[in-house]
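# Observations on the model geometry
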Amino acid sequence: MIEAEFNSWLEAHMAAFPGMISWAEKLKKLGHWNAVRSSWLRVMGDVEVNDALRVTEDLARGDMAIKNAKSFGDHAREIRAVCKGMASRRKHHSRKMIDGQPTIGCLECQDCGVTSIFSVDSMRDEANGTLDRNDWYLHTRARSLAVRCTCEEGQCRTFPPLQFDPAKMVSTRGMSAEAFDRLADFIAEWKRRVGERLFQPTEF
Ligand SMILES: [Zn+2]
């Protein structure tokens, strides 16, 4: 947003949070307001004004809360973070239309941002040759972990806490024999790399 847009957003934001008006007055008296305003202008520089207005409106309505703001001084940074997430999701979703037809961008998570992996117990069973491929429930439910995908949709998420790391995790994608083959290849390769003796799957 340019400065004129920033001014209109700031006006709307202060109207939504009337406590900010006296906060700003106090800063003006102390001679700090201009510095705070310029810092906010810089922070909000790469944010779309319509996104910022939308977030301010959601906050005013109570549809959203600023979680990490201890004081009004934190508002610009927190609002920018929400706006960046909105812009990123938009970019991701716009890519999903090809010739007017929706397509899937991420084959790992089907664009939902979350995928699942075999647990360390399943990895250990595979390594010990005791993995029961017929027990789907065990491996795909009780023994799988949900993780954030590495795609843009996954990067917009903060939950689940773990992020998929193909270097040490194996996806249960598809829940088929292919998933077990993937696990077997992964464990065999890992053993080959570190040697049978040193092989020890650990918690992620
Ligand atoms: Zn994905």
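Residues numbered from 1 in each chain as written. Predicted model: local features only at pLDDT ≥ 70, side-chain atom pairs only at ≥ 80, totals over all residues.

## Observations concerning the overall build of the protein chain
Heads up, the condition is: Secondary structure counts use DSSP, requiring at least four H or I residues in a row for a helix and at least two E residues in a row for a strand, with both numbered from the N terminus. Counts of 20 or more other C-beta atoms within 10 Å of a residue's own C-beta define buried residues, counts of 12 or fewer define exposed ones, and intermediate counts define partly exposed ones; C-beta atoms are placed from the backbone. Any pair of residues counts as being in contact when their C-beta atoms, constructed from backbone geometry, are within 7 Å of one another.
Along the protein chain, the regular secondary structure elements total nine helices and four strands. For the protein chain, with 204 residues in total, the buried portion stands at 21%. Counting only contacts in the protein chain whose residues sit at least 6 apart along the sequence, the fraction spanning at least 24 positions is 67%.

## A short note on the pairing of strand 3 (residues 114-118)
Definition in use: Whether two strands pair comes down to DSSP finding at least two bridges between them.
The buried fraction of strand 3 amounts to four of the five residues, a majority that puts the element mostly inside the structure. Where strand 3 meets strand 4 (residues 144-148), five bridges bridge the pair, whose relative direction is antiparallel. Counted as the bridge partner of Ile 117 is Leu 145 from strand 4.

## Examining helix 6 (residues 120-128)
For clarity, the cut-off: Regarding the arc, it is the one traced by the directions from the helix axis to the C-beta atoms.
For helix 6, every residue scored as buried is listed here: Ser 122, Met 123, Asp 125 and Glu 126. Axial view of helix 6: buried residues confined to an arc of 160°, hence all on one face. Immediately beyond the C-terminal end of helix 6, within one or two residues, lies Gly 129, with a positive phi of roughly 75°.

## A look at the confidence of the model for the protein chain
Inclusion rule: You can read pLDDT as the predictor saying how much it trusts each residue, on a scale of 0 to 100.
Mean pLDDT over the protein chain stands at 84; residues scoring 70 or higher make up 89%. No element of the protein chain has a lower mean pLDDT than helix 7 (residues 136-142), at 62, and none a higher one than helix 3 (residues 33-43), at 95.

## Points about the packing of helix 1 (residues 3-16) against helix 4 (residues 49-61)
What counts here: Between N-to-C directions, angles cover 0 to 180 degrees, with each direction set by a line fitted to C-alpha atoms, over the stretch in contact for helices. Should an angle fall under 35 degrees it is taken as roughly parallel, and over 145 as roughly antiparallel, whereas 65 to 115 is taken as roughly perpendicular and any remaining angle as oblique.
Running from amino to carboxyl end, helix 1 crosses helix 4 at an angle of 0°, the nearest separation of the two axes being 9 Å. Classified by the angle their axes make, helix 1 and helix 4 are roughly parallel. Note on element contacts: helix 4 touches helix 1 through Val 49, Ala 52, Leu 53, Thr 56, Leu 59 and Ala 60, opposite Glu 5, Trp 9, Ala 12, His 13 and Ala 16.

## Things to note about the environment of Thr 150
Structurally, Thr 150 can be placed in the loop between strand 4 and helix 8 (152-155). C-alpha of Thr 150 to C-alpha of Phe 164: the two residues are 14 residues apart in sequence and 6.2 Å apart in space.

## Quick notes on the environment of Arg 157
For Arg 157, the position within the fold is in the loop between helix 8 and helix 9 (177-194). A count of 14 C-beta atoms within 10 Å places Arg 157 in the partly exposed class. Taking the C-alpha atoms as reference, Arg 157 lies 8.7 Å from Val 114; in sequence the two are 43 residues apart.

## What about the packing of helix 6 against helix 9?
Orientation of helix 6 relative to helix 9, taken along the N-to-C sense of each, is 70°, at an axis distance of 10 Å. When the interaxial angle is binned, helix 6 and helix 9 end up roughly perpendicular. Contacts from Ser 122, Met 123, Glu 126 and Ala 127 of helix 6 reach helix 9 at Leu 183, Ala 184 and Ile 187.

## Regarding the environment of Glu 11
Tracing the sequence through the fold places Glu 11 in helix 1. Separated by ten residues in sequence, Glu 11 and Ile 21 have C-alpha atoms that sit 9.7 Å apart.

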